[in-house]
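A structural walkthrough
Listed below are the residues making up each chain.
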Amino acid sequence: MTHTVQTSVSQANDVQPVLSIVIAVLDEQDNLPQVCRELAEACASLPPSEVVFVNDGSRDNTVAVLRQLRQDCLPNLRILSHDRCLGKSAGLRTGITAARGQWVATIDGDGQDDPRELVGLLALARSANGTPPLVVGVRARRKDGWSRRFATRFANGLRQRLLQDHCPDTGAPIKIFRREDFLRLPQFEGLHRFLPALFASYGVPLLCHPVSHRARLHGQSKYTNFNRAVVGVRDLLGVMWLRNRTRLPRTVDEC
């Protein structure tokens, strides 16, 4: 099933962005002011960039707050809205499909990620030799509660053992990759937690780099540990099947 994305005719400028920063949000109105201020600071040190927020069916004032922040501090901000909540992976897919940059960065909109980390991560991605990589910002010191940290550590260990993705923090929100590489991947909810393994199936190398992590500014996570565990095991089995059934040629010649 395909869908079209209607964009505003009054985009910030006509400069082709090098980087598209894509953020899927659900009811994050209180966190957005600080996130957008830090995004504005990061964009000042980045090559031409755009910021694409995808509102995934929020019931608060997320869209109104984003519109005001576009006027106040972030003119390169684009706002896309789902008609209902579809999940983070669907939100990222919408934003990346609409993105204009060759490179895409993802972060969360809850204030736990520092957008200023993107400067170093993009430089790392663009300077890599050979096939352009997936760069994952590994959270060195998690600022979540102990139960969340334990659940994440268990899930990462299980994924590494079964998928051999060589990523210590595969669900890390901060990632940078080429837009065209992402759009080759099959779409399913939960995709964002398995990008290292899925990208590897398509020959995209992995680079991991430590980044800072902070406590959530306001509100609560949209996921419980139980929800993550039940859905995560099902998705893990699905990704194992996908990788087993992926068949790609080493080269393609036109005769």
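Definitions and cut-offs
Residues numbered from 1 in each chain as written. Predicted model: local features only at pLDDT ≥ 70, side-chain atom pairs only at ≥ 80, totals over all residues. Heavy atoms only, no water. Salt bridge = Lys/Arg side-chain N within 4 Å of Asp/Glu carboxyl O. Helix = DSSP H or I, 4+ residues; strand = E, 2+ residues; numbered from the N terminus. Buried < 20%, exposed > 50% of the residue type's maximum accessible area, 1.4 Å probe, protein only. Expected span 1.5 Å × (residues − 1). Contact = heavy atoms within 4.5 Å. Pairing = 2+ DSSP bridges. Axes fitted to C-alpha atoms, helices over the stretch in contact; angles between N-to-C directions. Patch = residues over 30% accessible without salt bridge, like charges linked within 9 Å, V, L, I, M, F, W, Y side chains within 5 Å. Areas by Shrake-Rupley, 256 points an atom, 1.4 Å probe, with all protein chains shown as cover. Phe/Tyr/Trp six-rings, centres within 6.5 Å; stacked < 30°, edge-to-face > 60°.

As named in an unreviewed UniProt entry, the protein is Glycosyl transferase, taken from Acetobacter okinawensis.

1. A word on the pattern of salt bridges
Two side chains that carry opposite charge are able to pair once their charged atoms sit near each other. Within the structure shown, the criterion is met by 11 salt bridges. Notably, a salt bridge pairs Arg214 with Glu38, separated by 2.8 Å at the nearest N-O pair. Here Arg214 is found in the loop between strand E7 (206-211) and helix H8 (225-245), whereas its partner Glu38 is found in helix H1 (residues 32-43), with 176 residues between them in sequence. Judged by relative accessible area, which is 21%, Arg214 ranks as partly exposed. Salt-bridge contacts for Arg178 lead to Asp181; the nearest nitrogen and oxygen are separated by 3.1 Å. Asp181 sits in the buried class, given a relative accessible area of 5%.

2. Here we look at H1
Here H1 contains 12 residues, and its C-alpha end-to-end distance of 16 Å stays within 8% of the 16 Å for a straight helix at 1.5 Å per residue. Of the surrounding elements, those touching the buried residues of H1 are strand E1 (19-25), strand E2 (49-55), helix H2 (62-72) and helix H4 (118-127).

3. Notes on the sheet that holds E7
An order of E3-E2-E1-E4-E6-E5-E7 is seen for the seven strands of this open sheet, with the pairing classed as mixed. Two strands lie at the open edges of the sheet, namely strand E3 (77-81) and E7, each paired on one side alone. On average, adjacent strands in this sheet sit at an angle of 20 degrees to one another, irrespective of strand direction. Examined bridge by bridge, strand E5 (residues 134-139) and strand E6 (residues 175-178) share two bridges and lie antiparallel to one another. The residue bridging Val135 from the neighbouring strand is Ile176, located in E6. Sheet strands touched by H1: E1 and E2. Its angle to E2, the strand with the most contacts, is close to 160 degrees.

4. Considering the environment of Thr246
Among the secondary structure elements, Thr246 is positioned in the segment after H8. Look at Thr246 and you get partly exposed, because its relative accessible area is 23%. A C-alpha to C-alpha distance of 9.7 Å links Thr246 and Leu198, two positions 48 residues apart in sequence. Residues contacting Thr246, with those up to four places away along its chain left out, are Ser201 and Tyr202.

5. What to know about a nonpolar patch on the surface
A surface patch of nonpolar side chains, about 330 Å² in accessible area, is lined by Leu162, Val233, Leu237 and Met240. For the nonpolar patch, the leading source of residues is H8, giving three residues. Along the chain, Leu162 turns up in helix H5 (residues 146-163).

6. So, the packing of aromatic side chains
Per the counting criterion, the structure on display carries two aromatic pairs. An angle of 20 degrees between the planes, with centres 5.6 Å apart, marks the rings of Phe177 and Phe182 as stacked. According to the relative accessible area criterion, Phe177 is buried, its value standing at 1%. A centroid spacing of 5.4 Å and a plane angle of 40 degrees characterise the contact between Phe177 and Phe199, whose relative ring orientation is tilted. Placement of the pair is Phe177 in strand E6 and Phe199 in helix H7 (residues 195-201), with a sequence separation of 22 residues. What makes Phe199 buried here is its relative accessible area of 1%.

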